[in-house]
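Coordinates in review
What follows is each chain in one-letter form.
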Amino acid sequence: MNKKNNVRPFSMKDKIGYTLGDLGCCFTEQYRAMYLSVFYTLVLQVNPFHVGILMLITKIWDAINDPIIGAIVDSRKASKGGKFIPWIRVFSFPMAVLCILGFVNVSNLNYGLRLAYMFITYVLYEALYTCVNVPFGTLSSVMTDNVNERTALSRYRSLGGTIFMTVMVMVGPLFLYIDNKPVAGRFLMLACICALLGLLCLQITCVWCKERVEVPERPEGQKLNYLNVLKEISHNKALLGVMFFSLIGMIGASVVNGLNTYLYKDYFGNIKIQAISGMLSVLYAVIAFAITQPLANKFGKKEWCCMGAGFAAVVFGVLFFIPLHNPVMFIVINGICFLGASGMQVLVWAMVNDSIDYHELKTGERNEGIVYSTYSFFRKLASAIQTTQVVNSIWKSYTGIYFVGYGLAVAVLYFVYPLTKKKTAEMLEELKQIVHNMLKNNNFATSNQFLLESLLYSFFSILSKDIKTILPTNDNNNLYVKKAIEFIENNYTNNLKITDIAKYVCITRNYLYLLFRKHLNISPQEYLANYRITRAEQLLNTTTLSIETISNSCGYQDPLVFAKAFKAKKGFTPSQYRKSFSPKISFNKPVNRMK
């Protein structure tokens, strides 16, 4: 990835613009998610079973459609306005129109025509929403390559949805219902307001958000191998962990959200109580926004998601057996659980962006659109699995699904997502102890020399725990790999691209990637990155050159990018590494005993 030099620096304007983008998507998508099934069943008088079948079919198709749109987005070349922003700017207009059409009262039509109208407007809207949401979700990965800035974008994105849900939960029940009965015309009126406000927010996003990370264009004549990309995604353990964590959590959240209106309307007997929940949600949302990043920095993203969502699951597990009939008490408890589960909602987007970078590191191909849309496929597949009718045991359904959904999601994240803060700290502490013992026993006594060698081997064994050693074969294809490695070792100090290496050995970029995967089990991009970091490590150990000089000599034009890459590999910044691990040993000259 390279940065565009003619774009203003990342700022608060980008964060607010990204917040407005998520708010714009929520204005139409979340309004439909909250009230469309209610509109279909209570206003259009459609059988809830038929509504459930309709939504299941269209949502599954919409989920399958996501990776297709993602592949199309990836295959298109960037224009003057960027690669992703033009999609948002163009498709947000027809998306707003279809949102409005979805709430037109067609109850005067015969039953078959009503179903046909619902199906057509539903499918068309979801297709247009995908054309907006997939580029929007991918946009954050090219707005910045800074980890902290991406985490901030993830927080601000969640803020957009929180703002909408807070306002809609307060306003919706009061505006859409009179005497606990729905008013058909008001559903359409609120749909018009949401569509126009959503369109305005998305257009502002297109102006305020800037694409800074330049995505390498695919060579001419080289087509995107969609199946190969999906195969590589299947080996991306970080993305798999996030996808299945989100899949299970979203199934629970979707069903609970679908039951939310019925809980207040039928279980507590007053739909207007839901407005009180919305008012308190403002307070909870502000608290969640403030505490999420500090807690994630302290405990780690995975750890905080597991602790917070696990706490919420346990609480609802208890409520399953101890029903509450006081709505105010339920609202307070539900809000506290929301604080716990907020990490799951807020940090998941930052995890997806990390997975996109991980995918590029492993394969040499970025493919933001497909990676993001594959994740989106699982989210939409989850939203397709919803309840279709109100059951008598509404409380059992609400609390039980909440407990099972979040509980299983936490289990998946805990066992599948590999990186924990504790594991990393233990490994680093062990390495520090070995280095300390090596320095402590540094003298020329024979016994200490043997001890020093044993400690050195221990040091190397820990470093190589996660490194797969591949012995090169001697076939003709491996000659390309050897030549490519020689070219990397001779040119790594330059602004080297994988296409340059492929041209040097006279093969395509894809074929070079396949050869590297076959013989070295890593991509050319990963080999280049590893070699540069290894050379930088050697320079930090053996010279007193400045960090900036080492950065430039290892092919990094920006010292900040170098520091980020080095820390990702070694767990320390270059300065921290030099202070902690570089030998500060003054060897004495051997005494000449010959006379």
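Residues numbered from 1 in each chain as written. Predicted model: local features only at pLDDT ≥ 70, side-chain atom pairs only at ≥ 80, totals over all residues. Heavy atoms only, no water.

Attention now goes to the overall build of the protein chain. A tally of helices and strands in the protein chain yields 22 helices and four strands. Counting the 595 residues in the protein chain, one finds 49% classified as buried. A separation of at least 24 residues holds for 82% of the contacts in the protein chain among residues at least 6 apart in sequence. When the accessible surface of the protein chain is split by element, carbon and sulfur atoms take 64% of a total near 28,600 Å². (Helix = DSSP H or I, 4+ residues; strand = E, 2+ residues; numbered from the N terminus. Buried < 20%, exposed > 50% of the residue type's maximum accessible area, 1.4 Å probe, protein only. Contact = heavy atoms within 4.5 Å. Areas by Shrake-Rupley, 256 points an atom, 1.4 Å probe, with all protein chains shown as cover.)

Right, let's get into the nonpolar core. Counting residues in each nonpolar core, the largest one holds 57 residues, and the members touching the most others are Tyr31, Tyr40, Phe164, Phe187 and Phe330. Beyond its immediate chain neighbours, meaning those up to four positions away, Phe187 contacts Tyr31, Tyr35, Val38, Phe39, Val43, Phe103, Leu176 and Pro182. (Core = buried A, V, L, I, M, F, W, Y, C linked by side-chain atoms within 4.5 Å.)

With that settled, the discussion passes to the packing of aromatic side chains. Applying the stated criterion across every chain, the model contains 19 aromatic pairs. Note on Trp87 and Phe91: the rings are 5.6 Å apart at their centroids and 25° apart in plane angle, and the pair reads as stacked. Residue Trp87 and its partner Phe91 are located together in helix H3 (residues 85-101), separated by four residues, close to a single helical turn. Assessed through its relative accessible area of 24%, Phe91 is described here as partly exposed. (Phe/Tyr/Trp six-rings, centres within 6.5 Å; stacked < 30°, edge-to-face > 60°.)

In this section: the packing of helix H1 (residues 12-43) against helix H6 (residues 184-208). Two elements in contact, H1 and H6, have axes whose closest approach is 8 Å; the angle formed by their N-to-C orientations is 160°. Viewed along their axes, H1 and H6 adopt a mutual orientation that is roughly antiparallel. Handedness of the crossing formed by H1 with H6: left-handed. Tallied by class, the residues present in the contact of H1 with H6 amount to 21 nonpolar, six polar and three charged. (Axes fitted to C-alpha atoms, helices over the stretch in contact; angles between N-to-C directions. Parallel < 35°, antiparallel > 145°, perpendicular 65-115°, else oblique. Left-handed = near helix turned anticlockwise from the far one by under 90°. Nonpolar A, V, L, I, M, F, W, Y, C, P; charged D, E, K, R; others polar.)

Turning our eyes to something else, we now look at H3. Helix length check: H3 (17 residues) gives 25 Å between terminal C-alpha atoms against 24 Å at 1.5 Å per residue, within 8%. The largest bend along H3 reaches roughly 35° and is located at Ser92, with the proline Pro94 sitting one to four residues downstream. For H3, the set of buried residues is Ile85, Trp87, Ile88, Ser92, Met95, Ala96, Leu98 and Cys99. (Expected span 1.5 Å × (residues − 1). Bend = angle between axes of the 7 residues up to and from the residue.)

What follows deals with the side chain of Thr399. Following the sequence through the fold, Thr399 ends up in helix H13 (residues 394-416). When its relative accessible area of 0% is taken as the criterion, Thr399 is described as buried. Setting aside residues up to four positions removed in sequence, Thr399 forms contacts with Phe316, Leu319 and Phe320.

So, on to the packing of helix H19 (residues 524-542) against helix H21 (residues 559-570). Following both chains from N to C, one finds H19 and H21 inclined at 95°, their axes separated by 10 Å at the closest point. Considering their axes alone, H19 and H21 lie roughly perpendicular with respect to each other. Contact with H19, carried on its side by Glu526, Asn530, Ile533, Ala536, Glu537 and Leu540, involves Phe562, Ala565, Phe566, Lys569 and Lys570 of H21 and no other residues of that element. Here the residues of the contact of H19 with H21 are counted per class, giving six nonpolar, one polar and four charged.

This part is about the environment of Phe245. Counting through the fold element by element, Phe245 comes out in helix H8 (residues 237-267). In this structure the C-alpha to C-alpha distance between Phe245 and Leu408, which are 163 residues apart in sequence, comes to 8.0 Å.

Another point: the confidence of the model for the protein chain. On average, the protein chain scores 75 in pLDDT, and the residues at 70 or more come to 68%. The element-level mean pLDDT for the protein chain is lowest in helix H12 (residues 368-384), coming to 50, with H3 highest at 95. Considering only residues more than four positions removed or in separate chains, one finds that residues 384-392, a stretch of pLDDT under 50, has 15 contacts. A low-confidence stretch, residues 584-595 stays under pLDDT 50, and its non-local contacts, those more than four residues away or across chains, total seven contacts. (pLDDT = per-residue confidence, 0-100.)

In this section: the pattern of salt bridges. In the structure shown here, the tally under the stated rule is four salt bridges. Notably, a salt bridge pairs Asp14 with Arg8, separated by 2.7 Å at the nearest N-O pair. Among the residues examined, Arg8 registers a relative accessible area of 28% and is labelled partly exposed. For Asp14, the salt bridge identified is with Arg212, shortest N-O distance 2.8 Å. Of this pair, Asp14 sits in helix H1 while Arg212 sits in the loop between H6 and strand E4 (213-214), and the two are 198 residues apart along the sequence. For the pair Asp14 and Arg212, a shared accessibility class is recorded, and that class is buried. One network of salt bridges, in which partners are shared, links Arg8, Asp14 and Arg212. (Salt bridge = Lys/Arg side-chain N within 4 Å of Asp/Glu carboxyl O.)

Below, the discussion takes up unusual backbone geometry. Negative phi characterises most residues that are not glycine, and trans characterises most peptide bonds. Within the chain, Cys506 stands out as a residue other than glycine whose phi angle is a positive 65°. Within the secondary structure, Cys506 sits in the loop between helix H17 (498-504) and helix H18 (509-519). For Asn521, which is not glycine, the phi torsion reads 65° and is therefore positive. Here Asn521 lies in the loop between H18 and H19. By relative accessible area, which is 28% here, Asn521 ends up partly exposed.

A few words on the environment of Gly308. Note that Gly308 resides in helix H10 (residues 301-321). What makes Gly308 buried here is its relative accessible area of 3%. Sequence-wise, Gly308 and Leu339 are 31 residues apart; in three dimensions their C-alpha atoms are separated by 7.4 Å. Excluding residues that lie within four positions of it along the chain, Gly308 makes contacts with Gly340 and Ala341.

Take a nonpolar patch on the surface next. Together, Phe49, Ile53, Ile57, Phe119, Ile120 and Leu124 make up an exposed nonpolar region whose accessible area comes to about 580 Å². At the level of elements, helix H2 (48-75) and helix H4 (111-143) are the ones that each hand at least two residues to the nonpolar patch. Checked against the element boundaries, Ile57 lands in helix H2. (Patch = residues over 30% accessible without salt bridge, like charges linked within 9 Å, V, L, I, M, F, W, Y side chains within 5 Å.)

All right, on to H6 then. In a regular helix each residue adds 1.5 Å, so 25 residues correspond to 36 Å; H6 covers 37 Å between its end C-alpha atoms and thus fits that length. Listing the buried residues of H6 in full gives Phe187, Leu190, Ala191, Cys194, Ala195, Gly198, Leu199, Cys201, Leu202, Thr205 and Cys206.

One pass over the structure, following the stated rule, counts zero disulfides. Of the cysteine sulfurs around Cys99, a residue in no disulfide, the closest is that of Cys194, at 6.7 Å. Residue Cys99 is classed as buried on the basis of its relative accessible area, which comes to 0%. (Disulfide = S-S within 2.5 Å.)

Let us now look at the environment of Val38. You can see Val38 is positioned in helix H1. Each C-alpha atom of the pair Val38 and Pro182 lies 8.7 Å from the other, and the pair is 144 residues apart in sequence.

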